[in-house]
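Commentary on secondary and tertiary structure
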Amino acid sequence: MEGAASAEKRSVEDFRVRVHGGPHPLRAGSEGGATTFGRDDDAGWAPRPPDDANASRRIVAHFDVDAFYSQVEELRDPRLRGRPMAVTQKFLIVTANYAARSAGLKKLMSTTKAKALCPEVALVSGEDLTPYRACAKKVRAALERFGTCEKLGLDECWVDLTAEVDRRIAAGGPASDPPLVGHRHSSEHVVESDNAHRPMDIRAVDPERTNASDGVHHPVPPRCEDGADPDANPDVSDPARERRLRVGAAIAAEARDAVRSATGLRMSAGIAHNKMLAKLVSGLHKPDDQTTLPAGVAAKLVSPLPVRALPGVGHGAERTLVHRGVRTAADLRRVTRSEVCEWLGPRVGRKVHDAAWGVDREEVAPKPAPNFVTCEDSFRSCTTWSSVDAVLAVIAPDLLARMDEEYEDEVERTVGAGALIPAGRAARTLTVKWRDVGPGGKGTGWSRSSASTTMPTLANDRSIDAKRRADALREAATRVLRSELTRGFDLRALNVGAGNFEPKAVTLNKRPGVEAGCVSGSSGIDVGTGRAAPHGSAFAAMNARRDYDRGGGRMSKTEERALSERERGLGGGVFGGGLNGGGGGESSDVFAEPLRDQDEDEEDGDSFYADLADVQRSSAMPSIGRVQSLVPRKRGAEQASLLSFFKGPSKR
DNA sequence: TGGGGTCCT
DNA sequence: AGGACCC
């Protein structure tokens, strides 16, 4: 590869002088307005960490639903479309549609400020995530037909398009060499962030934006001669790589169409050779558009970015790095890998150092079933045991509903993948978390405390009355809190969680991810758990923070949402049109081999290069053939009846 | 300053 | 159990 260990030595001293003494690399001026990140100032001194051997072949897309919660709410209530609208949780804007954004609303802004900026804005409470979870499931079902899918949060996922790209190229014909669809990021583009607090949200400033009404800008890249290093000049591209990216872009466009016809949701996408770069570029031409990143442009895109924009760098790491004068990815490229590992720890250090060079060796790997489900509410005040009980009366039924959802997902996953009996997802642990600003609490800060106990068996028992289950949950949670909150309290938030689920299902054909052997008791096959019946008085203030000391609460979030919909004159029902077309997509890939095992031995900065050969070997042989085809696998009649047996008659 | 999650220490 | 990270 690039070798060049010679240049590494002088880096440390020179770097400190240069960065500390020199001009601030980021933010050439501008308070409050858009921040434009400067161009790459030059090549680094420390060596580029090598990519794995697969890097040029792999094609990864990152998909991101635009203003997800807002779009979902617009689907549910068409009256909201075209008007400025935002989704709130308590008194925060969590997302705003584009009409509201153009009035200046931003993510995580207070509702007060939002209303000041845009008095006509419609605010919709998004504290109950149920509808968003349901939509997210359909989105993933549509995307999974195009390759292995890895979810990140509710509204984002990566899809490994490599196998489908290979298939199309092998098949020949027009689809094997399509024109580029969407944007191609070139080194002519400048990147900016319009929110000083969120430097990771970046977008491209198109040099020809003045007349970019068609939303397409893709200059034909010059070709490089045979055998030339495709990274030597970022805008001179290797034809084979460019072609694979173009095929990937075509697939991504189809995938976005598929999601849109299945759900009505619009999304943006980024197409690149690895997960990190795909994610970085997916937002460059948001909304409803996609961006492809040629291999050679990666370093140019990344280096002017503030370190905070690199995945893996949060508040803590940013502070540490900035304290040492490292503000941008380009700065990171001038220090050695071992230094970064010293500052941030080996794990984060490696990841961040790689990211600064646009290197990411992670495979797209489906997320296994969640280890925890939790429900939370926050409020202005909660100082008495009776108000604690009022909070628990709200969130305990919600947690049970989540646990049951998890059970159903597990049935679908395990029976759908060939299990004889779904083991159930009975939770063994109950965790309670809280934020206490009272005398016994942690005082200021936002830190939370937590404690856990054994999950009462009654809570797992789907065969009994929902109220008895909720009571068991509340009782156990209260016992934990009583033993922790001994010196008086003033809670701002309370969270209950269920986790440490019992072992997984028995399968016919044993595949990794599903352990054989064990089906344990307690998980009744029973069905028909209803949600807690509505109880308590009408509850108005949609966006008010509940104050349990003054009698707020008493209604689960699901019920609360239904009520607020009734008040808005909606059916109160589930989704209108558009959301039911999702059929198909019975993921056959949920249990796709979690390939690899990139040995995770302690490798710090220095041993890194020595170990690289192993990394290359283990990741050089993957993915092709894991995704069988675009046709969802049929489920046998036997399995279908098993499924309906375990799931029982559909509720809702 | 929300309501979720993950992983590491 | 708590902290850091992600959305």
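This one's a predicted model, so the numbers in the text were calculated from it and none came from an experiment.

**Some words on the protein's contact with DNA strand C**
- For DNA strand C, the set of nearby residues contains 16 residues, the closest of which are Glu156, Lys279, Gly316, Ala317 and Ser450.
- In DNA strand C, atoms within 4 Å of the protein come from the sugar-phosphate backbone in 100% of cases.
- Contact between DNA strand C and Gly314: a phosphate oxygen at 3.2 Å from a main-chain N or O atom of the residue.
- The contact in question runs from a phosphate oxygen of DNA strand C to an N or O atom on the backbone of Ser450, over 2.6 Å.
- When residues of the surface near DNA strand C are traced back to their parent elements, those giving at least two are helix 10 (315–323) and strand 16 (449–454).
- Counting residues per element, the surface near DNA strand C draws most heavily on strand 16, at four residues.
- Residue composition of the surface near DNA strand C, by class: three nonpolar, eight polar and five charged.

**Comments concerning the side chain of Arg413**
- Looking at the element boundaries, Arg413 is found in helix 14 (residues 385–416).
- What makes Arg413 buried here is its relative accessible area of 18%.
- Side chain to side chain, Arg413 and Glu410 meet in a polar contact 3.0 Å long.

**Details of the protein's contact with DNA strand B**
- As a structural note, the neighbourhood of DNA strand B is formed by 21 residues, with Lys90, Phe91, Thr374, Arg402 and Arg545 the closest of them.
- Counting only the atoms of DNA strand B within 4 Å of the protein, the fraction contributed by sugar and phosphate is 94%.
- Contact between DNA strand B and Ser378: a phosphate oxygen at 3.0 Å from a side-chain N or O atom of the residue.
- No other element matches the six residues that strand 13 (residues 372–378) contributes to the surface near DNA strand B.
- In terms of residue class, the surface near DNA strand B is built from eight nonpolar, four polar and nine charged.

**Details of the sheet that holds strand 13**
- The sheet built from four strands is open, its strands ordered 13-17-15-16 with antiparallel pairing. Both edges of this open sheet fall to strand 13 and strand 16, since each of them pairs with a single strand only. Sheet twist, expressed as the average angle between the axes of neighbouring strands with direction ignored, equals 15 degrees.
- Relative to strand 16, strand 15 (residues 427–436) runs antiparallel, the two sharing six bridges. When the bridges of strand 16 are listed, Thr431 appears paired with Ser452.
- Along the sheet, helix 16 (residues 466–484) contacts strand 15, strand 16 and strand 17 (491–501); its crossing angle with strand 15, the most-contacted strand, is approximately 50 degrees.

**Here we look at the sheet that holds strand 7 (residues 156–160)**
- Spatially, six strands are ordered 6-7-2-11-12-8 in an open sheet, and the strand pairing comes out mixed. Looking at which strands have only one partner, the edges of the open sheet turn out to be strand 6 (148–152) and strand 8 (183–184).
- As paired strands, strand 6 and strand 7 are joined by five bridges and run antiparallel to one another. When the sheet's bridge partners are listed, Cys149 is paired in strand 7 with Val159.

**Some points on the packing of aromatic side chains**
- Counted by the stated rule, this structure contains five aromatic pairs.
- Consider the rings of Trp385 and Phe489, whose centres lie 4.9 Å apart with planes at 65 degrees: the pair is edge-to-face. In this pair, Trp385 sits in helix 14 while Phe489 sits in the loop between helix 16 and strand 17, placing the two residues 104 residues apart along the sequence.
- Taken together, the ring pairs in this structure connect Phe68, Tyr69 and Tyr132 into an aromatic cluster.
- Looking at Lys275, its charged tip hangs above the ring of Trp158, at a distance of 4.5 Å from the centre.
- Stacked on the ring of Tyr407, the Lys or Arg Arg462 has its end atom at 3.5 Å from the ring centre.

**Some words on the nonpolar core**
- Phe63, Phe68, Leu143, Leu161 and Leu265 are the most contacted members of the largest nonpolar core, which totals 41 residues.
- Listing elements by their share of this core, those giving two or more residues are strand 2 (60–65), helix 2 (68–76), strand 3 (85–89), strand 5 (122–125), helix 5 (130–143), strand 7, helix 7 (239–263) and strand 11 (267–272).
- Counting residues per element, this core draws most heavily on helix 7, which supplies nine residues.
- Filtering out sequence-adjacent residues up to four positions away, Phe63 remains in contact with Leu143, Asp155, Glu156, Cys157, Val159, Ala252, Ala255, Arg256, Met267, Ser268 and Ala269.
- In this structure, Phe37, Ile202, Met276 and Trp357 belong to the second largest nonpolar core, which totals 38 residues.

**Section: the confidence of the model for chain A**
- Taken residue by residue, chain A gives an average pLDDT of 75. The fraction at 70 or more is 67%.
- Low pLDDT, under 50, characterises residues 1–32; the predicted model gives this stretch 44 contacts beyond four residues in sequence or across chains.

**Looking at the environment of Glu339**
- Its place among the elements puts Glu339 in helix 12 (residues 337–344).
- The buried category is assigned to Glu339, whose relative accessible area is 10%.

Each value, and the rule that gives it
- Residues numbered from 1 in each chain as written.
- Chains lettered and ligands numbered in written order.
- Predicted model: local features only at pLDDT ≥ 70, side-chain atom pairs only at ≥ 80, totals over all residues.
- Heavy atoms only, no water.
- Near = heavy atom within 4 Å.
- Polar contact = N/O pair within 3.5 Å; in protein donor to acceptor, adjacent residues only side chain to side chain.
- Helix = DSSP H or I, 4+ residues; strand = E, 2+ residues; numbered from the N terminus.
- Nonpolar A, V, L, I, M, F, W, Y, C, P; charged D, E, K, R; others polar.
- Buried < 20%, exposed > 50% of the residue type's maximum accessible area, 1.4 Å probe, protein only.
- Pairing = 2+ DSSP bridges.
- Axes fitted to C-alpha atoms, helices over the stretch in contact; angles between N-to-C directions.
- Contact = heavy atoms within 4.5 Å.
- Phe/Tyr/Trp six-rings, centres within 6.5 Å; stacked < 30°, edge-to-face > 60°.
- Lys NZ or Arg CZ within 6 Å of the ring centre and 35° of its normal.
- Core = buried A, V, L, I, M, F, W, Y, C linked by side-chain atoms within 4.5 Å.
- pLDDT = per-residue confidence, 0-100.

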